[in-house]
Amino acid sequence: MAEDVISTTGIAGHGASRLPSVDVDSFNIELKDEDGFLGDRASRSAFRRILDSWRKPLRRNGEDPFGDEPSGEISKKTLDAVLVGDDVEASAIVHSAIEDFAQELAYVTRRFLKTKAWTNTERIVVGGGFRESRMGELAIARTDIILKAEDFKIDLVPIRFHPDDAGLIGTLHLAPSWIFEAHDSILAVDIGGTNIRCGVVATNWKKAKDLSKAAVWKSQFWRHADDEPTREGAVKRLVKMLKGLIGEAEAGGLKLAPFIGVSCPGVINEDGSIEKGAQNLPGNWESSKFNLPASLIEGIPEIGDHDTAVVMHNDGVAQGLAEAPFMQDVERWGVLTIGTGLGNARFTNRRNGKEMKREKNDRKTKKGKEGKD
């Protein structure tokens, strides 16, 4: 019984399908075709493979403008600079890779839209580290055009927050709104296959009760892949990072809620265990004997004068939730996160459908009047 108490929060279920502002229709879908998992066709590494395929013909003739540098090691900053640089051939290679990648992303998106869970999706937000580059933005825009040319009634848009912040900010939407009445910030954790990031997220609830003004006040970053820690070592380091942030929040005069929102790869069970999808994390996080929320509560039993509550959800869901305040003009929307793999989630806003349609019509009428003026 004690284990059951410590691993749950009494606030919300881990991996819940019903959240304060949205219903999570699906997340972490693993679609396949004859070549394997579809996510592998539209990942960060997929773009690098495509880039390399365009370099090969020139490399054979000794004319590769990128020289001997492996495609996987060319920084996004360098590729972005090449797009607008004087080396036309190098720019053409990157543009060609963007076009091919957009075609792949369009193919994957079509497959998602054909699933029952993604039926009637009106907009897709694209996040992940790949989005935080000019080439990523061009790939997203090109994919949007491809789908529209095929008469898909869908908009593809880049996530507006920096991807590193979105995963933290999104965890605010895992908490019930009453928490924000007495507190102005929460602790948030974003766990990835390479990095762990945690931070203090300021709600700015008094400025915007829909959390559209939320921002990361302070964060800490650890590239755990470089240290190759054990699972226990990773949790110990995470607890230490969070305790440091608690101290900084107190020193900064913030009213930190006794709540930790966690985003993590994989399928998250209601008890906080991870069913599958955590293979890139240090150690075995899918073990029936391991429960991250319980471990965090054990390491940080109280925040301020209150018992700590922890709610964990899939990282793609959390990143998408950051965009929830800006998706109120549609009813059904999704998120794709382009990183090590392709994260995905589909949402339905928990608002009255008639109300949203009325707002849509009002905006159309307003645009029509502005056009006439």
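Scroll up to find the structure this text is about.
Since the model is a prediction, treat every value here as computed from it, not as a measurement.

Enquirer: Looking at this structure, I do not really get the overall build of the chain. What am I missing?
Expert: Secondary structure assignment for the chain yields twelve helices and 16 strands. Here the C-alpha radius of gyration of the chain, 22 Å, is about what a compact globule of 373 residues would show, namely 21 Å. By its C-alpha atoms, the chain is 65 × 60 × 40 Å across when sized along the principal axes. Residue pairs at least 24 apart in sequence account for 70% of intrachain contacts in the chain once pairs closer than 6 positions are excluded. Of the roughly 18,000 Å² of accessible surface on the chain, a fraction of 47% belongs to carbon and sulfur atoms.

Enquirer: When you look at the packing of aromatic side chains in this model, what are you seeing that I'm missing?
Expert: When we look at a pair of aromatic rings, we describe it by the centre distance and by the angle of the planes. According to the stated counting rule, one finds seven aromatic pairs in the structure shown. Each ring, one from Phe 47 and one from Phe 130, has its centre 5.1 Å from the other, and the planes form 55°; the classification is tilted. Within this pair, whereas Phe 47 is found in helix α2 (residues 44-60), its partner Phe 130 is found in the loop between β4 (123-127) and α5 (134-149), the two being separated by 83 residues in sequence. Here Phe 47 and Phe 130 have matching classes, each one buried. Each member of the aromatic cluster is reached from another via a ring pair, and the members are Phe 47, Phe 101 and Phe 130. Stacked on the ring of Phe 326, the Lys or Arg Arg 160 has its end atom at 4.0 Å from the ring centre. Lys 209 extends its terminal NZ or CZ atom over the ring of Trp 205, reaching a point 4.6 Å from the ring centre.

Enquirer: Would you mind going over a negative patch on the surface with me for this structure?
Expert: Together, Glu 63, Asp 86, Asp 87 and Glu 89 give the surface a local cluster of negative charge. Within the secondary structure, Asp 86 is located in the loop between α3 (76-83) and α4 (88-113). Judged by its relative accessible area of 79%, Asp 86 falls in the exposed class.

Enquirer: I'm lost on helix α10 (residues 292-299) in this one. Help?
Expert: Spacing of three or four residues puts side chains on the same side of an α-helix, whose turn is 3.6 residues. What α10 keeps buried is the set Leu 292, Pro 293, Ala 294, Leu 296 and Ile 297. Capping the start of α10 is the job of one residue whose side-chain oxygen sits 2.9 Å from the backbone nitrogen of Ala 294: Asn 291.

Enquirer: Honestly, the packing of helix α9 (residues 231-251) against α10 in this entry has me stumped. Any pointers?
Expert: Two packed helices can be described by the angle between their axes and the distance between those axes. As a packed pair, α9 and α10 sit with axes 10 Å apart at the nearest point and diverge in direction by 50°. Taken together, the axes of α9 and α10 are oblique relative to one another. In terms of crossing hand, the pair formed by α9 and α10 is right-handed. Every residue of α10 that contacts α9 at Val 235, Leu 238, Val 239, Leu 242 and Lys 243 is listed here: Leu 292, Ser 295, Leu 296 and Gly 299. By residue class, the composition of the contact of α9 with α10 is six nonpolar, two polar and one charged.

Enquirer: Explain the environment of Leu 51 to me, please; I cannot follow it from the model alone.
Expert: Looking at the element boundaries, Leu 51 is found in helix α2. Measuring from C-alpha to C-alpha, the distance between Leu 51 and Ser 96 comes to 7.9 Å, with 45 residues separating the pair along the chain. Discounting chain neighbours no more than four positions away, the residues touching Leu 51 are Ser 71, Leu 79, Ile 93, Val 94 and Ala 97.

Enquirer: Whenever I open this one, the nonpolar core confuses me. Can you help?
Expert: Within soluble globular proteins, side chains that are nonpolar generally end up buried alongside one another. Of all hydrophobic cores here, the largest spans 39 residues; its most connected members are Phe 47, Phe 66, Leu 79 and Phe 101. Counting only elements with at least two residues in this core, the list comes to α2, α3, α4, β4, α5 and β15 (332-338). Here the element with the most residues in this core is α4; it accounts for twelve residues. Setting aside residues no more than four positions away along its own chain, Phe 101 makes contact with Arg 41, Ala 42, Ser 43, Ala 46, Phe 47, Ile 50, Phe 130, Ala 139 and Ile 338. Core analysis: the second largest hydrophobic core is formed by 37 residues, Leu 211, Phe 259, Ala 322 and Phe 347 among them.

Enquirer: Before we go on, may I ask you to explain the layout of surface pockets in this structure?
Expert: In this approach the atoms are scanned with a rolling probe the size of a water molecule, which exposes any empty space left behind. Considered as a void within the structure, the largest pocket measures approximately 1,400 Å³ in volume. Every residue lining the largest pocket is counted, 49 residues in all, and those nearest its centre are Gly 193, Asp 315, Gly 339, Thr 340 and Gly 341.

Enquirer: What should I look at first to understand the sheet that holds strand β16 (residues 342-349) in this one?
Expert: Note on sheets: strands pair through backbone hydrogen bonds, and any given pair is parallel or antiparallel. With mixed pairing, the five strands of this open sheet are ordered in space as β1-β16-β15-β4-β5. Two strands in the sheet have a free side with no partner beyond their single neighbour: β1 (22-27) and β5 (155-158). On average, each strand axis in the sheet is tilted by 25° relative to the strand beside it, whichever way the strands run. Here β4 pairs with β15 via five bridges, running parallel. By the bridge assignment, Gly 127 is partnered in β15 with Thr 337. Those strands touched by α4 are β4, β5, β15 and β16, and its axis lies near 140° from that of β15.

Enquirer: Help me understand the packing of α3 against α4 in this model?
Expert: With their axes 8 Å apart at the nearest point, α3 and α4 run at an angle of 110° to one another. With respect to their mutual orientation, α3 and α4 come out roughly perpendicular. Along this stretch, α3 crosses α4, giving a crossing that reads as left-handed. Contacts from Leu 79, Val 82 and Leu 83 in α3 reach Ala 90, Ser 91, Val 94, His 95 and Ile 98 in α4. Residue composition of the contact of α3 with α4, by class: six nonpolar, two polar and no charged.

Enquirer: Sorry if this is basic, but what is going on with α9 here?
Expert: Helix length check: α9, at 21 residues, gives a terminal C-alpha distance of 31 Å against a target of 30 Å (1.5 Å per residue), a fit within 8%. Taken residue by residue, α9 has Arg 231, Ala 234, Val 235, Leu 238, Val 239, Met 241, Leu 242, Leu 245, Ile 246 and Ala 249 as its buried positions. With its buried residues spanning 165° around the axis, α9 presents them on a single face. Of the exposed residues in α9, the ones pointing more than 90 degrees away from its buried face are Lys 236, Lys 240, Glu 250 and Ala 251. If you follow the buried residues of α9, they end up packed against β6 (185-191), β7 (196-202), β8 (215-222), β9 (256-264), α10 and β12 (302-303).

So, how was this worked out
Residues numbered from 1 in each chain as written. Predicted model: local features only at pLDDT ≥ 70, side-chain atom pairs only at ≥ 80, totals over all residues. Heavy atoms only, no water. Helix = DSSP H or I, 4+ residues; strand = E, 2+ residues; numbered from the N terminus. Rg over C-alpha atoms; globule rule 2.2 N^0.38 Å. Contact = heavy atoms within 4.5 Å. Areas by Shrake-Rupley, 256 points an atom, 1.4 Å probe, with all protein chains shown as cover. Phe/Tyr/Trp six-rings, centres within 6.5 Å; stacked < 30°, edge-to-face > 60°. Buried < 20%, exposed > 50% of the residue type's maximum accessible area, 1.4 Å probe, protein only. Lys NZ or Arg CZ within 6 Å of the ring centre and 35° of its normal. Patch = residues over 30% accessible without salt bridge, like charges linked within 9 Å, V, L, I, M, F, W, Y side chains within 5 Å. Salt bridge = Lys/Arg side-chain N within 4 Å of Asp/Glu carboxyl O. Lys, Arg positive; Asp, Glu negative; His and termini not counted. Charge placed at Lys NZ, Arg CZ, Asp CG, Glu CD. Polar contact = N/O pair within 3.5 Å; in protein donor to acceptor, adjacent residues only side chain to side chain. Axes fitted to C-alpha atoms, helices over the stretch in contact; angles between N-to-C directions. Parallel < 35°, antiparallel > 145°, perpendicular 65-115°, else oblique. Left-handed = near helix turned anticlockwise from the far one by under 90°. Nonpolar A, V, L, I, M, F, W, Y, C, P; charged D, E, K, R; others polar. Core = buried A, V, L, I, M, F, W, Y, C linked by side-chain atoms within 4.5 Å. 1 Å grid on protein atoms, 1.4 Å probe; cavity = no way out; pocket = protein on both sides within 12 Å on 5 of 7 lines; lining within 4 Å. Points joined across faces, edges and corners; volume = space filled by probe spheres on them. Pairing = 2+ DSSP bridges. Expected span 1.5 Å × (residues − 1). Arc of directions from axis to C-beta.

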